[in-house]
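# What the coordinates show
Single-letter residue listing:
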Amino acid sequence: MALGLLCLSLVLLGALQTQAQDSTPNLIPAPPLLRVPLQPDFQDELFQGKWYVVGLAGNAFNKEDNSQFNMYATTYELNDDSSYNVTSTLLRIQRCDHWITTFLPSFQPGQFNLGNIERYPGIQSYTVQVVATDYNQVAMIFFKKAYKNQEFFMVTLYGRTKELTQELKENFITFAKALGLTDDHIIFPIPNDECIYK
């Protein structure tokens, strides 16, 4: 079951979810969306572009099983209708894999729903929410999906570069724990140059 694809978060969340069904029958409950902060005055044109996935946390993650997880990149391309085409690129089984999804704007700026959800069997809902961003350095994204009557959630720490300060990483850890996650649910992917360049 795996991540933000993306916040690939969808694909990653799906992959990590498959593992979780076997190893984590009692998932930490997903928080209601109203409890998750939303970036005030979200600026969709400033958010677009390439982000590196610097940190991941989710109720289906297990630090031990994902300790060798490679960093990947996700690019948001803004469309005229304020939706995003989201392309995630990562190294998987010695090759570069690309996933393209569409995030459709919801009723609040900075909140999105997965487009073409019928293409993903078993997914009943999939919401993406920009928790916080400064647009040019860092962002935290919340993903929540209902899949086969179970709720999975994930928080992704994005960076415009592959390295973020320890303070930003600590803020991410604090936020993940405020959602009920533990250290065992938080990982920091290994930086690499394959597939995600620069």
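Look a little higher up for the structure.
What comes next concerns the included structure. (Residues numbered from 1 in each chain as written. Predicted model: local features only at pLDDT ≥ 70, side-chain atom pairs only at ≥ 80, totals over all residues. Heavy atoms only, no water.)

## Examining the overall build of the protein chain
Selection criterion: Numbering of helices and strands runs from the N terminus, with a helix taken as a DSSP run of H or I at least four residues long and a strand as a DSSP run of E at least two residues long. For every residue, the accessible area obtained with a 1.4 Å probe (protein chains only) is divided by the maximum for its type, and the residue is called buried under 20%, exposed over 50%, and partly exposed between those limits. Surface exposure here means Shrake-Rupley accessible area, sampled with a 1.4 Å probe, where a residue is shielded only by the protein chains that are shown.
Along its length, the protein chain carries 3 helices and 9 strands. In the protein chain, which comprises 198 residues, the share counted as buried stands at 53%. Carbon and sulfur atoms form 51% of the exposed surface of the protein chain, whose accessible area is close to 9,300 Å².

## Some remarks on the pattern of salt bridges
A side chain with one charge may pair with a side chain of the opposite charge, provided their charged atoms come close. Inclusion rule: Here a salt bridge means any side-chain nitrogen of Lys or Arg lying within 4 Å of a carboxyl oxygen belonging to Asp or Glu.
The final tally for this structure, using the stated rule, is 2 salt bridges. For Glu 151, the salt bridge is made with Lys 144, and the minimal N-O distance between the two is 3.9 Å. Accessibility expressed as a relative area gives 40% for Glu 151, which makes it partly exposed. Classification of Lys 144 by relative accessible area gives buried; the value is 13%. Of the charged contacts, one joins Asp 183 and Lys 177 as a salt bridge, the two residues approaching to 2.9 Å between their closest N and O atoms.

## Topic: unusual backbone geometry
One non-glycine residue, Asn 116, lies in the positive phi region at around 50 degrees. Structurally, Asn 116 is set in the loop between strand S5 (111-114) and strand S6 (123-133). On the basis of relative accessible area, Asn 116 is assigned to the partly exposed category, the value being 40%. For Asn 149, which is not glycine, the phi dihedral falls at a positive 65 degrees. Within the element layout of this structure, Asn 149 appears in the loop between strand S7 (138-147) and strand S8 (150-159). Of the residues examined, Asn 149 reaches a relative accessible area of 70% and is grouped as exposed.

## Some remarks on the pairing of strand S4 (residues 95-105)
Test applied: Here a strand pair is declared whenever DSSP counts at least two bridges between the two strands.
As judged from the 9 bridges shared by strand S3 (residues 84-92) and S4, these two strands associate in the antiparallel manner. The residue of S4 that forms the bridge with Asn 85 is Thr 102. Hairpin connection of S3 to S4: 2 residues between the antiparallel strands, including Ile 93 at a positive phi of 50 degrees. Taken together, the 3 bridges between S4 and S5 define a ladder with antiparallel strand orientation. Bridge assignment links Phe 103 to a residue of S5, and that residue is Leu 114. The antiparallel hairpin formed by S4 and S5 contains 5 residues in its connecting segment, where Gly 110 sits at a positive phi of about 95 degrees.

## Details of the packing of aromatic side chains
Filter applied, for reference: Any two of the Phe, Tyr and Trp rings considered here, Trp counted by its six-membered ring, make a pair once their centres fall within 6.5 Å; the pair's planes then place it as stacked at under 30 degrees, edge-to-face at over 60, or tilted in between. In our convention, an over-ring charge means Lys NZ or Arg CZ found within 6 Å of a ring centre and within 35 degrees of that ring's normal.
One pass over the full model with this rule turns up 15 aromatic pairs. Pairwise contacts between aromatic rings join Phe 42, Phe 47, Trp 51, Tyr 76, Tyr 84, Phe 103, Phe 112, Tyr 135 and Tyr 158 into one cluster. Between Arg 160 and the ring centre of Trp 51, over which it is positioned, the NZ or CZ distance is 3.7 Å. The residue whose ring lies beneath Lys 169 is Phe 188, and the NZ or CZ to ring-centre distance is 5.6 Å.

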